[in-house]
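Residue-level listing of the chains:
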Amino acid sequence: MGAQTEIIGTPRLILRAWRESDREPFRRMNADPRVMEFFPKPLSAAESDDLAERIGGALKRRGFGLFAAEVRESGAFAGFIGLSVPSFQAHFTPCVEIGWRLDSAYWNQGLATEGARAVLGYGFGTLAMEEIVSFTTAANLRSRRVMEKLGMTHDPADDFDHPGLPKGHPLERHVLYRLRRGLTVH
Ligand SMILES: CC(C)(COP(=O)(O)OP(=O)(O)OC[C@H]1O[C@@H](n2cnc3c(N)ncnc32)[C@H](O)[C@@H]1OP(=O)(O)O)[C@@H](O)C(=O)NCCC(=O)NCCS
């Protein structure tokens, strides 16, 4: 069913444009405190729909973005994996960021890494990007592990306080990981 809209394919995932039918599983995922542990708070249904709208719109406009991730075997919506362009200013911006968020039912099966590896191939290959970064709050070890498995490197000198969070917020301190073209791990 997803084949005609597949943008990037992996053995287990289809990364594609967003559909209306993604809204409901996306709401469930964004309301889950486990999924949102390292964000200020879970999202309401309206906030989740608004995010889906913004992500889907940016993907259409740019031609790349945070793709909806569909499980190839079941056709289920599992979350998003893809590229984004942060709108805040920091010492490493402007930049292209790789990011991911999956429903907890799909965690720890290597799916984020599998999808992200294909996205890196697309970014460095098809889109000819020179560098792709990723960042997260320092305590988000799951996400940091994905970055490490992808071969991204962390220099503590790049750490930064996320300007979108209030001063002194427990999630404020962020780590930055970088990967340059030609250094992708397969
Ligand atoms: C981050 C996320 C996308 C990872 O998805 P995933 O498909 O489970 O990732 P993978 O299975 O490819 O890899 C997860 C790794 O984290 C490790 N891990 C899991 N829980 C961990 C923990 N509490 N501490 C340290 N590492 C942990 C796993 O063992 C695995 O590493 P391994 O392959 O070396 O064993 C998923 O946890 C998620 O959606 N989290 C909530 C949203 C989020 O935080 N997004 C990132 C914001 S920057």
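Counting starts from 1 at the beginning of each chain's written sequence and moves along it residue by residue. pLDDT decides what is reported in this predicted model: residues at 70 or higher carry local features, side-chain atom pairs at 80 or more are listed and counted, and totals for whole chains, interfaces and linings draw on all residues regardless. Side-chain descriptors were evaluated using all non-hydrogen atoms of the structure, hydrogens and water having been removed beforehand.

A. Region of interest: the overall build of the protein chain. Per the secondary structure count, the protein chain includes 4 helices and 9 strands. Taken along its principal axes, the extent of the C-alpha atoms in the protein chain is 45 × 40 × 30 Å. Contacts spanning at least 24 positions in sequence make up 62% of the contacts within the protein chain whose residues lie at least 6 apart. As displayed, the protein chain has an accessible area near 9,400 Å², and 53% of this comes from carbon and sulfur atoms. Between the averaged position of the 24 positive side-chain charges in the protein chain and that of its 23 negative side-chain charges there is a distance of 2 Å. Strands are runs of DSSP state E lasting at least two residues, helices are runs of H or I lasting at least four, and both sets are numbered from the N terminus onward. Contact between two residues is taken to exist if any of their heavy atoms lie within 4.5 Å; hydrogens are not considered. Each accessible area is a Shrake-Rupley estimate made with a 1.4 Å probe; only the visible protein chains count as cover when residues are assessed. Charged residues are defined here as Lys and Arg on the positive side and Asp and Glu on the negative side; His and the ends of the chain fall outside this count. Throughout, a charge is located at the NZ atom of Lys, the CZ atom of Arg, the CG atom of Asp or the CD atom of Glu.

B. Fine view of unusual backbone geometry. Here the amide bond leading from T93 into P94 is cis, since omega sits at 0 degrees, within 30 degrees of zero. Among the structural elements, P94 can be located in the loop between β4 (77-84) and β5 (97-102). In this structure, N108 is a non-glycine residue whose phi angle is positive, near 60 degrees. Unusually for a residue other than glycine, A128 sits at a positive phi of about 55 degrees. Here A128 lies in the loop between α3 (111-124) and β6 (131-137).

C. Structural view of the pairing of strand β3 (residues 66-71). Within β3, 6 of the 6 residues are buried, leaving the element largely enclosed by the surrounding structure. Strand pairing follows a simple DSSP-based rule, namely that at least 2 bridges must link the two strands. Examined bridge by bridge, strand β2 (residues 13-16) and β3 share 4 bridges and lie antiparallel to one another. Bridged to I14 within β3 is E70. Note: β3 against β4, 5 bridges, orientation antiparallel. Only protein chains enter the calculation, and the probe is 1.4 Å; a residue is then buried if its accessible area is under 20% of its type maximum, exposed if over 50%, and partly exposed in between.

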